[in-house]
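The primary structure of each chain is shown beneath.
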Amino acid sequence: MIKQRREVLKTGGGLGVLGLLAAAGVIKPELALAAWNEGAFKAGTLEKSLAALGAGKPATSGDISINAPDIAENGAVVPIGVSTTLPKVESISILIEKNPDALAATFKLPEGTEANVQTRCKMGQTSNVYALVKADGKFLMAMKEVKVTLGGCGG
Amino acid sequence: MSMNRREFLQVLAVAAGGGMALHTDWAQAGKAADTLYRFPRSGNVSLLHITDCHAQLLPIHFREPNVNLGIGSMQGQVPHLVGEHLLKAFRIKAGSAEAHAFTYLDFEQAARTYGKVGGFAHLATLVKQIKASRPGALLLDGGDTWQGSGTALWTKAQDMVEACKLLGVDVMTLHWEATYGEERVKEIEEKDFAGKIDIVAQNVKTTDFGDPVFKPYVIKPINGIPVAIVGQAFPYTPIANPRWQVPNWSFGIQDENMQAVVDEARGKGAQVVVVLSHNGMDVDLKMASRVRGIDAIFGGHTHDGVPQPVVVKNPGGQTLVTNAGSNGKYLGVMDFEVKNGKVAGYRYKLLPVFANLLPADPEMQALIDRVRVPYLDKLSEKLAVTEGLLYRRGNFNGTFDQVICDALLQVKGADIAFSPGFRWGTSLLPGDTITMEHLLDQTAITYPWTTLTEMKGEMLKTILEDVCDNLFNPDPYYQQGGDMVRVGGLQYSCDPAAGMGQRIQNMMLKGRPIDPDKVYKVAGWAPVSEEARGAGAPIWEVVAEYLRGIGTVRPVQLNMPALKGVAGNPGIVI
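What counts as what
Residues numbered from 1 in each chain as written. Chains lettered and ligands numbered in written order. Predicted model: local features only at pLDDT ≥ 70, side-chain atom pairs only at ≥ 80, totals over all residues. Heavy atoms only, no water. Disulfide = S-S within 2.5 Å. Buried < 20%, exposed > 50% of the residue type's maximum accessible area, 1.4 Å probe, protein only. pLDDT = per-residue confidence, 0-100. Helix = DSSP H or I, 4+ residues; strand = E, 2+ residues; numbered from the N terminus. Contact = heavy atoms within 4.5 Å. Buried area = accessible area lost by both parts, 1.4 Å probe. Salt bridge = Lys/Arg side-chain N within 4 Å of Asp/Glu carboxyl O. Polar contact = N/O pair within 3.5 Å; in protein donor to acceptor, adjacent residues only side chain to side chain. Pairing = 2+ DSSP bridges. Core = buried A, V, L, I, M, F, W, Y, C linked by side-chain atoms within 4.5 Å.

Asks: With reference to specific residues and values, describe the state of the cysteines.
Replies: Residue and element names in this part refer to chain B. Taken as a whole, this structure holds zero disulfides over all chains when the rule is applied. With no disulfide of its own, Cys-468 has Cys-494 as its nearest cysteine by sulfur position, at a separation of 3.7 Å. Accessibility expressed as a relative area gives 0% for Cys-468, which makes it buried.

Asks: Describe the confidence of the model for chain A, naming the residues involved and giving the relevant values.
Replies: Of all residues in chain A, 80% have pLDDT values of 70 or greater, and the mean over the chain is 86. Highest mean pLDDT in chain A belongs to strand 7 (residues 127-135) of chain A (98); lowest belongs to helix 2 (residues 14-23) of chain A (53).

Asks: Outline the interface of chain A and chain B, listing residues and values.
Replies: Taken together, the contact pairs 23 residues of chain A with 48 residues of chain B. Summed over both partners, the interface of chain A with chain B comes to about 2700 Å²; 51% of that surface belongs to carbon and sulfur atoms. Applying the counting criterion to the chain A and chain B interface returns one salt bridge. Of the charged contacts, one joins Lys147(A) and Asp469(B) as a salt bridge, the two residues approaching to 2.7 Å between their closest N and O atoms. Between chain A and chain B we count 13 residue pairs in polar contact (both at pLDDT 80 or more) in total. Contributions of two or more residues to the side of chain A that touches chain B are made by helix 1 (5-12) and strand 8 (138-146) of chain A. The element best represented in the side of chain A that touches chain B is helix 1 of chain A, accounting for three residues.

Asks: Break down the sheet that holds strand 22 (residues 512-513) of chain B for me, citing the residues and quoting the values.
Replies: Residues and elements named next belong to chain B. One open sheet holds the four strands; their spatial order is 22-21-20-25, and the pairing between them is mixed. Both edges of this open sheet fall to strand 22 and strand 25 (562-563), since each of them pairs with a single strand only. Both strand 20 (residues 490-494) and strand 25 contribute to a ladder of two bridges, which runs parallel. Note on strand 25: the bridge partner recorded for Cys-494 is Leu-563.

Asks: Can you break down the pattern of salt bridges residue by residue, with the values?
Replies: Enumeration according to the criterion identifies 26 salt bridges over all chains in this entry. A salt bridge links Asp70(A) to Lys144(A); the shortest N-O distance between them is 2.9 Å. Of the two residues, Asp70(A) is situated in the loop between strand 2 (64-67) and strand 3 (78-84) and Lys144(A) in strand 8; the sequence distance between them amounts to 74 residues. Both residues of the pair, Asp70(A) and Lys144(A), count as buried. A salt bridge links Glu90(A) to Lys134(A); the nearest nitrogen and oxygen atoms lie 3.8 Å apart. You can see Glu90(A) sitting in strand 4 (residues 89-96) and its partner Lys134(A) sitting in strand 7, a full 44 residues away along the chain. Exposure remark for Lys134(A): the relative accessible area of 26% places this residue in the partly exposed category. Here the residues in one salt-bridge network are Lys147(A), Asp469(B) and Arg503(B), joined through shared partners.

Asks: Please give an account of the environment of Gly152(A) that cites residues and values.
Replies: Relative to the assigned elements, Gly152(A) resides in the segment after strand 8. Relative accessible area serves as the criterion here: at 6%, Gly152(A) is assigned to the buried category. Not counting the four nearest positions on each side in its chain, Gly152(A) is found in contact with Ile239(B), Ala240(B), Gln480(B) and Val528(B).

Asks: For the environment of Asp517(B), give the residues involved together with the corresponding values.
Replies: One can find Asp517(B) in the loop between strand 22 and strand 23 (519-525). When the C-alpha atoms of Asp517(B) and Glu264(B) are compared, they prove to be 56 Å apart, with 253 residues separating the residues in sequence.

Asks: Pulling in residues and values, what's your account of the environment of Tyr180(B)?
Replies: All names here are of chain B. Mapping Tyr-180 onto the fold places it in the loop between strand 3 (171-172) and helix 9 (182-192). Residue contacts for Tyr-180: discarding those within four places in its chain leaves Trp-146, Gln-147, Ala-152, Leu-153, Lys-156, Ala-157 and Thr-446. A distance of 2.7 Å separates a polar atom in the side chain of Tyr-180 from the backbone oxygen of Trp-146.

Asks: Tell me about the sheet that holds strand 4 of chain A, residues and numbers included.
Replies: Residues and elements named next belong to chain A. A sheet is described by the order of its strands in space; here five strands give the open sequence 1-8-7-4-5, paired in mixed fashion. Each end of this open sheet is capped by a strand with a single partner; those strands are strand 1 (59-60) and strand 5 (103-108). With two bridges connecting them, strand 1 and strand 8 associate as parallel partners. Residue Ala-59 lies in a different strand from strand 8, and its bridge partner there is Leu-140.

Asks: So what about the nonpolar core? Which residues, and what values?
Replies: Within the largest apolar cluster, 125 residues are counted, with the highest numbers of intra-cluster contacts made by Phe120(B), Trp146(B), Leu167(B), Phe214(B), Leu331(B), Phe336(B) and Phe354(B). Leave out the neighbours within four places in its chain, and Phe214(B) touches Ile2(A), Leu174(B), Val185(B), Lys186(B), Glu189(B), Ile199(B), Ala201(B), Val204(B) and Trp249(B).

Right, dumping it as structure tokens:
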């Protein structure tokens, strides 16, 4: 029998388990209160978003991996993860070139945090997805294309 | 029933001499039979492989494509070779039974000479024979087994579930199976298959936490040697088919997870690691070049009947990549020589299943007859007679698809018709009667609704470009499998090697260019969006109405796009 967490949550009564997670310190409400860089999130193009983040034109790094589907199963919720082996990571941002506002997410990582984040982004069309990492005061970047298709006609 | 080799050859001789074929060339076919199935065991670990039978329990005809283009680095490479190019690459004699099995060449004549192919009762006889000489051999099923016939649809795959259990399938993976919905798949796994057939899929996870939905792999001993079979379900199931049928499951390619699973299986002592894959051959070839430690990928999905494996080098050594065709036409047989804990050699043969050369297994035949009884009246309804050859397979169009498009245009009163580029669907010879069963072989799906949509010209272009990129993207990981959407009414030109947005040009309707801003009435079927659930009448009703009306299907003029840049490509002969 394969155990799935969705089943545990169902049988455990959703809120109760979430409450336990919060009590155990897995979910920290204060983490949500980090400063909101509104300008960067409304900057528009990739270039302008990078500028608003103070990243300029970052070099490409092979030490950053983007974990995202080659073809999105649902453009409304595309799972995008970023991890890196770079030391002293301060923040990780996800930018989607073809979105009206390229910057989709920024994670501020407290010192000593494992640099491995994941979220879901909305994508209206096929686009390059960029992971921007600030490590030891320096910005570095990686890119992967994620295709958004109309679907159907397979097989 | 279990036969030794001598008895088997006697049966073949009887079958060959017994006048089972209508054609005088049959003597030649009888001689071919003896060499066709002569494949003595070698090595100590054997795996048998079927894939993409699309629920075809009875023998059928299936015409292989004359258009199966490879673009970019895939040009001229297996599996993108058709006709004589394929014969040459695999040293198959023109005019032979194998040439008929693997190519479209001289299709009508060869089909009459060599008879039908596949059929589970005939396949069962071959499986028993091969297993008799290969103790411990496992039978792997690559999926697309539960969909493709009226009886599979009406019994929610129960007919195929019973047939696979009787056939002795040990391990399977998925694609179209998922179109029966999550609950039905799990019900079959947990009830019917319990203790008998393992469903494996390392790349299917829950959409919320990413937890596994199926066993990623199983390890089974063959003659004392632990063999791991890793599952790779079709990665784009929720895109190519309706997402609402599997709302809680996520698929995808996931090379890193594949590597972790292979390493884990090796760590647990597996001396042979194989992947049972529904990726499609181009994706399998790329995956084989990136993931280390896989001895062989047994592939399906793209329906390529590939006589010999492609050997792919990678940082861990090499991986064999096979593809075992479709519609029950073939049984793949792999013999591994395992020495000192690893694979030291192999022999492989993709055996065509010629129904006239393999007597029906009585037990399987009885099962097939039993499951069909309640539906015989519906299945045998005669709709029309075809004067020409009807088939589906090909990158751009097939004659049966053209009939479906013609039916949509007429019955729905549309300017333009779209029909999905499915690769399943059997073939009919000139003079054959088209029954409801044949029509369902082309159309039996769980989302069969027809649609009539008003669409601007620019949207038509967007759709054609989108589907074309799914077929011809130079990176196989961005391909989705299937063929180009078939079109009725509309004409266009296509440059497969061009970039996204540049492949489709010169779109015309009745001699006039398509106006990007004008609205056209477009008919289609098999909509994947949830909003289109239950839209118009099922496609088989629409086509049946059309066929009953015309009574005779004249030889079909294929509406093919004008192709650019494909001269000299051995993936096309027109």
